[in-house]
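Reading the structure
Residues per chain are reported as follows:
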Amino acid sequence: MMNKIKALICIVIPILLAYALNTKFGDTPPILKFLNPFTGFWQNAENASVKVRKSLVLKETIANVDIAFDDRMIPHIFAQNDHDVYYAQGYVTAKHRLWQMDFQTRYAAGRLSEVVGKKAIEVDRYQRRMGMVYGAEKSLEGMMADPKSKEMILAYTAGINAYIHSLSAAKLPIEYKILDFKPEDWTPIKCALLLKQMSAVLAMGSDEFYMTNIRKKFGTEVVKDLFPDYPFKEDPIIPVGTKWDFQPLPIPTPPASFTEMMTGSVKTKQKEEGIGSNNWALSGSKTLSGSPILSNDPHLDLTLPSIWYQIQLHAPGLNSYGVSLPGAPGIIIGFNQNIAWGVTNVAADVLDFYQIKFKDHTHKSYWYNNQWKNTSTRLEKIGIRGGKTETDTVFYTHHGPVVYLQKPTGYARAGNVPVGNALRWIAHEKSNELKTFYLLNRGKNYDDYRKALTYYTAPAQNFIFASADNDIAITANGKFPLKWKDQGKFILDGTDPKSDWQGWIPAAHNPTVKNPPRGFVSSANQSSTDPSYPYYINWEFSPYERGKRINDRLTAMTKATADSIRTMQTDTYSIFAQNILPTILGLVDNSKLNATQKEALRITSEWNKYYEAKSLAASIFDLWTKRLQSNIWSDEFVVDSVPMRFPSRDRSLQLVLKEPNSKWVDNINTPEKETLSDLVNEAFKYSCDSLERKYGAIGKKWEWANVKHTNVPHLAKIPGFGSKTLMIGGGKMTIDALSESNGPSWRMVIELGKTPKGHGVFPGGQSGNPGSRFYDDMIDTWASGKLYDLYFMKSPDDPNAKIISQLKITKK
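Here, residues in each chain are numbered from 1, in the same order as that chain's written sequence. Local features in this predicted model are restricted to residues whose pLDDT is 70 or higher, and side-chain atom pairs enter the listing and the counts only when it is 80 or higher, whereas totals over whole chains, interfaces and linings include all residues. Calculation of side-chain values draws on the structure's entire complement of heavy atoms; hydrogens and water are dropped beforehand.

**Quick notes on the sheet that holds strand β15 (residues 421–425)**
The strand order β15-β10-β18 describes an open sheet built from three strands, whose pairing is mixed. Lying at the two open borders of the sheet, with one neighbouring strand each, are β15 and β18 (492–493). Strand pairing follows a simple DSSP-based rule, namely that at least 2 bridges must link the two strands. Helical segments are the DSSP runs of H or I of at least four residues, strand segments are the runs of E of at least two, and each set is numbered from the N terminus.

Take a look at the structure:
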């Protein structure tokens, strides 16, 4: 008997051990598979040298394709037709970024639980319930209806799959080995999902739940005072005084209930700043060369691999260089022989919630236009690794999906979604953004630029433009609902047809300006126009300070060069500090400060208002003014279980400068009556004490770069795959808008002229493989504020290019 037990143990233990070492537990990868010398992570270490010439047979190409990789591993694709150029783009992008593309589209589609298990279930439910897949299906419908877009997306998909099918287990990107899953075939809807994810990042913001709660608590007059439709200080994108050369459509009439509410007869998480961007273009009259210069730096979350992928695409009728989104064909921001273009986010109000009145708990009917209307259902099947597939039923009204009937606990992103409300979102519209980039990539002049923009829906972008013909322009562009003023500032009545979106602003009426007298165009996410624009786009945009600083510098600039613009992209001067610092410094009572606080006050008083890396004053000021805003608003606007937000920084500034005796200054939670001076002094001492507690005695460790702690983390936050801490300056409200891990995801400067010259850099590298020298090789250059030359190759054997490798793709 004992021998049988021993024999059984000898059999069972190795089996259990083999199972344990080949199975993923929690965040630990399957050890044996991961360490396998033939297929494990060792195989992801790339050689320092690359093979100079390679050839490949891919039967789905139509003709030969030549790809030259330059010294930063940027592919320059030379194809003989549209199909092959996008096929090759899909192939090389997958070769460098497959895991990133796969992970991002799984995230967008609500499919992370398939990879990481049940811990991602609320993320997946949220994505599904917001209608991400539903929206992607509608977009794909729009793309496939256009022959050119259809060709792009099918060729690109086929190229990605050609690479996936060539992969051996050993060559799988390392993240697959750590997370223990395999790539699946790419499908066209994944391209649509990726573009949908950009809408989610840039146009999913919603404040109406907060604003509705604020109106219920304080009333309409307070909303009008503290949350105005136009800011205290502004320098809009379209210059003040620009004439509108169109006859506007009639504005829909708001429902009586809304008018009544806003006239006051019915009583009824602080928004994070950071996602934004800059772009500007100068006319030849302001440049040394006499030709325009265009600049763009989109501010997004910084990650490794980078959100962007550099590429040059060359085919008959096409020769374009710039950055693409891994997972989508074409070039999003870039230039060609004749034109250059770039984008910043408009922040249009294109997402609204509608309160739904259901007939009963079955949610099969809802009240609309004085009758019951049926809902439809969409069954979302969520696969769970190590568990059973869950089916989530989402009810759809004619507005869109009812996101939550019961809110999940412990999932922060659900916090601003009102229960029982339907979502109306521009990203659910049928669209074809690819056509815009197809046309821009081939654009020759201003008319081509304007035509390309008519195809664009979302997320709305400020498309900036410059041409070799010496035209410059900017257009706040997207598909904008035709709304009555403030429609969507609060939750809307889902039973009243007058609360529906009533049509669209014609594309030709979108705010635009061409060749303004000041000689430049620019945007930094501030208000699109002055109040004379006849349509409603939104009631709030980003604060004006970045835009103001850009306009001040461009106004003064003459004989600009690429280097003038490069330097300007890393400008760290704070207009906010310029506006508020003299006032709050004057309120500090020096006699009640300790030695550290006195030294901090001296340093701040002498500050040049630049968020430089070594600045101590920037650290003090930044914390000081954040605390001051909290001191002013938190007693009234932070209430348990009632989600609200603070008034804007601009409104806070207005209060400090113009209304120091406002009732909002007093802290209602104390018996004393506080003054603005009390709040300023408390905030100043708080900032000094906080810095001292965290960083020790006032000195080097208080430097802004150390406090800000900028770094570029891995997309999935895998330890060791992110960057070091970068000791650099910049702040959210400066042109160089840099926070901890959000900032200029791509810096580009283009000099137009007979031969265009491009310069650019992103904080990462072309390769998504941490074992490659091209994974993060551009970060130090980016951190130092320098740019690489973007060499616009003339042929696959261009003798002036720094080619390190060439790939020839043939059909046979």
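Once you've had a look at it, read on.
**As for the sheet that holds strand β25 (residues 803–810)**
Pairing within the open sheet is mixed, and its 11 strands lie in the order β1-β25-β2-β3-β6-β7-β8-β9-β16-β17-β19. Edge positions in the open sheet fall to β1 (53–57) and β19 (512–514), since each of these has one partner strand only. Adjacent strand axes in the sheet meet at a mean angle of 15 degrees when their direction is disregarded. Alignment of strand β17 (residues 472–477) against β19, held across three bridges, turns out to be antiparallel. Looking at the pairing, T475 lines up with T512 of β19. The axes used here are C-alpha line fits, helices contributing only the stretch in contact, and every angle between their N-to-C directions lies in the interval 0 to 180 degrees.

**Quick word on a positive patch on the surface**
Patch membership is restricted to residues that have no salt bridge and whose relative accessible area is over 30%. Joining uses 9 Å for like charges and 5 Å for the nonpolar side chains Val, Leu, Ile, Met, Phe, Trp and Tyr. In short, Shrake-Rupley with a 1.4 Å probe defines the accessible areas, and a residue's cover is counted only from the protein chains shown. The term salt bridge refers to a pairing of a side-chain nitrogen on Lys or Arg with a carboxyl oxygen on Asp or Glu at a separation within 4 Å. Charge assignment: positive for Lys and Arg, negative for Asp and Glu; neither His nor the chain ends contribute. By convention, the point assigned to a charge is CZ for Arg, NZ for Lys, CD for Glu and CG for Asp. A cluster of like positive charges, contributed by K51, K54, K95 and K171, occupies part of the molecular surface. Residue placement: K51 occurs in the loop between α2 (31–35) and β1.

**Observations concerning the nonpolar core**
Counting 177 residues, the largest nonpolar core has I67, I77, W308 and L325 as the members making the most contacts within it. For this core, the leading source of residues is helix α3 (residues 82–109), giving 13 residues. Residue contacts are counted whenever heavy atoms from the two residues lie within 4.5 Å of one another. In this structure, W308 is in contact with R97, P298, L300, V323, S324, L325, P326, I332, I333, S745, W746 and F762, ignoring residues within four places of it in sequence. Remark: nonpolar core denotes a set of buried residues (Ala, Val, Leu, Ile, Met, Phe, Trp, Tyr, Cys) joined through side-chain atoms within 4.5 Å. Working definition: with a 1.4 Å probe on protein chains only, accessible area under 20% of the residue-type maximum means buried, over 50% means exposed, and in between means partly exposed. Formed by 50 residues, the second largest nonpolar core is a distinct cluster that contains M211, V223, A577 and I620.

**Brief notes about the packing of aromatic side chains**
To describe a pair of aromatic rings, you give the distance between the ring centres and the angle between the ring planes. Side-chain rings of Phe, Tyr and Trp, where Trp is taken by its six-membered ring, are said to pair if the distance between their centres is within 6.5 Å; with planes under 30 degrees apart they count as stacked, over 60 as edge-to-face, and otherwise as tilted. Evaluation of the coordinates by the stated rule reveals 33 aromatic pairs. Between W367 and W372 the ring centres are 4.9 Å apart and the planes differ by 70 degrees, which places this aromatic pair in the edge-to-face class. Assessed through its relative accessible area of 37%, W372 is described here as partly exposed. Taken together, a centroid distance of 5.8 Å and an interplanar angle of 45 degrees make the contact between Y446 and Y449 tilted. With Y446 and Y449 both in helix α14 (residues 446–453) and three residues apart, this pair spans about one turn of that helix. Across the pair, Y449 and Y446 agree in class, each one buried. Three or more aromatic residues joined by ring pairs form one cluster here, namely F218, F227, W539, W633, F637 and W664. Working rule: Lys NZ or Arg CZ, within 6 Å of ring centre, within 35 degrees of ring normal, means a charge sits over the ring. Over the ring of F490 we find R215, and its NZ or CZ is 4.2 Å from the ring centre.

**So, unusual backbone geometry**
The residue after L304, namely P305, is reached through a cis peptide bond having omega -5 degrees. Along the chain, P305 turns up in the loop between β5 (293–301) and β6 (309–315). The linkage connecting A458 with the following residue, P459, adopts the cis geometry, with an omega of -5 degrees. Tracing the backbone shows P459 in the loop between α14 and β16 (461–467). Its identity is not glycine, yet K559 carries a phi of approximately 50 degrees, on the positive side. Note that K559 resides in the loop between α15 (545–556) and α16 (562–569). Phi at K717 is positive, roughly 55 degrees, even though this residue is not glycine. Within the fold, K717 resides in the loop between α22 (704–708) and β21 (742–744).

**Considering the environment of L691**
Following the sequence through the fold, L691 ends up in helix α21 (residues 676–695). Put simply, L691 and K701 are 10 residues apart on the chain and 9.0 Å apart in space, counted from C-alpha to C-alpha. For L691, the contacting residues outside a window of four places in its chain are S619, I620, L623, G696, W702 and V707.

**What to know about α14**
Every buried residue belonging to α14 is among Y446, Y449, A452 and L453, and all of these are buried. Down the axis of α14, the sector holding all buried residues measures 125 degrees, keeping them to one side. Those residues of α14 hidden inside the fold are in contact with α13 (433–441), β16, β17 and β19. What qualifies as a polar contact is a pair of N or O atoms within 3.5 Å, subject to a donor-acceptor requirement within protein and to the restriction that residues adjacent in sequence count only when both atoms come from side chains. Between the side-chain oxygen at the start of α14 and the backbone nitrogen of D447 there is a gap of 3.2 Å, and the oxygen is on N445. Relevant arc is that of directions from the helix axis to the C-beta atoms, nothing else.

**Notes on the confidence of the model for the protein chain**
As a per-residue quantity, pLDDT reports the predictor's confidence and falls between 0 and 100. Within the protein chain, residue pLDDT values average 93, and 92% of them lie at 70 or more. Scored below 50 in pLDDT, residues 263–271 makes 20 contacts in the model with residues more than four places away or belonging to other chains.

**Some remarks on the pairing of strand β7 (residues 318–324)**
With respect to burial, β7 is a largely interior element, six of its seven residues being buried. In textbook terms, the turn of a hairpin is the stretch between consecutive antiparallel strands, and for β6 and β7 this stretch comprises two residues, one of which, G317, has a positive phi near 85 degrees. Direction of pairing for β7 relative to strand β8 (residues 333–336): antiparallel, over a ladder of four bridges. Looking across to β8, one finds that Y321 is bridged to F335.

**Topic: α3**
One less than the number of residues in a helix, times 1.5 Å, gives the span that helix is expected to have. Along its 28 residues, α3 runs just 29 Å from first to last C-alpha, ending more than 12% under the 40 Å computed at 1.5 Å per residue. Across the chain, bend at a residue is computed as the angle between axes fitted to the seven residues ending at that point and the seven starting from it. Bending of α3 peaks at approximately 90 degrees at the position of R97. Most of α3 sits inside the fold, with 26 of its 28 residues counted as buried. Structurally, the start of α3 carries an N-cap: the backbone nitrogen of H83 is 3.2 Å from a side-chain oxygen of N81. Positioned one or two residues after α3, G110 has a phi angle of 70 degrees, which is positive.

**With respect to the pairing of strand β3 (residues 75–78)**
The alternating pattern of β3 places P75 and I77 on one face and H76 and F78 on the opposite face, and all of these are buried. Two elements, strand β2 (residues 65–70) and β3, share four bridges in a ladder whose sense is antiparallel. Paired with D66 across the two strands is F78, which belongs to β3. Hairpin geometry of β2 and β3 is characterised by an intervening segment of four residues between the two adjacent antiparallel strands and by a positive phi of about 65 degrees at M73. In this sheet, β6 lies alongside β3 in parallel orientation, the contact comprising three bridges. Counterpart to F78 in the pairing with β6 is H314.

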